[in-house]
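# Close look at the chain arrangement
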Amino acid sequence: QVQLVESGGGLVQAGGSLRLSCAASGRTFGVYAMGWFRQAPGKEREFVATINRSTGITYYADSVKGRFTISRDNANNTVHLQMHSLKPEDTAVYSCAAGKWAVTTPESYTYWGQGTQVTVSS
């Protein structure tokens, strides 16, 4: 069993930055691809970013490309999402996920954290 706990969410003004973290425990972190997803009230869960295991290859949703950066620290069992130039439409609960493949579909991930709220004000 892998447990994921997100942190770093909060309230920020448009144009600001936040750094989200996801701490994993239970198994060797490096064997999993990691992803970030978000869900705003009344909307479906949306893919944000993913990073492959070992190689560090990343992929981003068009809506965040150039503004967000996903990274991982396998030695510390942690994945991060650095967010810059935040917009009000980025407001959502951001969740960390672990799975076998670095893909964009949430159903492909096995383990999920509880999420952390990100609110961007105008």
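Anything mentioned here points back to the structure above.
First, a word on scope: everything that follows refers to the structure included in this document. (Residues numbered from 1 in each chain as written. Predicted model: local features only at pLDDT ≥ 70, side-chain atom pairs only at ≥ 80, totals over all residues. Heavy atoms only, no water.)

Moving on: the sheet that holds strand β3 (residues 18–25). Reading across the sheet, the four strands line up as β1-β3-β8-β7 and stay open at both edges, with antiparallel pairing between neighbours. The strands lining the two open edges of the sheet, one partner per strand, are β1 (3–7) and β7 (68–73). Direction aside, neighbouring strands of the sheet carry axes that sit 15 degrees apart on average. The pairing of β3 with strand β8 (residues 78–83) spans six bridges and is antiparallel. Counted as the bridge partner of Ser 21 is His 80 from β8. (Pairing = 2+ DSSP bridges. Helix = DSSP H or I, 4+ residues; strand = E, 2+ residues; numbered from the N terminus. Axes fitted to C-alpha atoms, helices over the stretch in contact; angles between N-to-C directions.)

This part covers the pattern of salt bridges. Per the counting criterion, the structure on display carries three salt bridges. A salt bridge links Glu 46 to Arg 38; its shortest N-O distance comes to 2.9 Å. Salt bridges sharing partners connect three or more residues here, namely Arg 38, Glu 46, Arg 67 and Asp 90. (Salt bridge = Lys/Arg side-chain N within 4 Å of Asp/Glu carboxyl O.)

Counting residues in each nonpolar core, the largest one holds 35 residues, and the members touching the most others are Leu 4, Met 34, Trp 36, Val 79, Leu 81, Met 83 and Tyr 94. If you list the elements that add at least two residues to this core, you get β3, β4 (33–39), β5 (46–51), β7, β8, β9 (92–99), β10 (109–112) and β11 (116–121). Looking at this core element by element, the count peaks at five residues for β9. (Core = buried A, V, L, I, M, F, W, Y, C linked by side-chain atoms within 4.5 Å. Buried < 20%, exposed > 50% of the residue type's maximum accessible area, 1.4 Å probe, protein only.)

Looking now at the state of the cysteines. By the definition in use, this model includes one disulfide. Sulfur-sulfur distance for the disulfide between Cys 22 and Cys 96 comes to 2.2 Å. Its S-S torsion of about -80 degrees marks the bond between Cys 22 and Cys 96 as left-handed, since a negative value means left-handed. Of this pair, Cys 22 sits in strand β3 while Cys 96 is found in strand β9, placing the two residues 74 residues apart along the sequence. (Disulfide = S-S within 2.5 Å.)

Across the six residues of β5, five count as buried, placing the element largely inside the fold. Pairing of β4 with β5 involves five bridges; the strand directions are antiparallel. Following the sheet pairing, Phe 37 is matched in β5 by Phe 47. Sheet analysis places β5 next to strand β6 (residues 58–60), joined by three bridges and oriented antiparallel. Bridging from a neighbouring strand, Ala 49 pairs with Tyr 60 of β6. In this antiparallel pair of consecutive strands, β5 and β6, the connection spans six residues, and Ser 54 shows a positive phi of 70 degrees.

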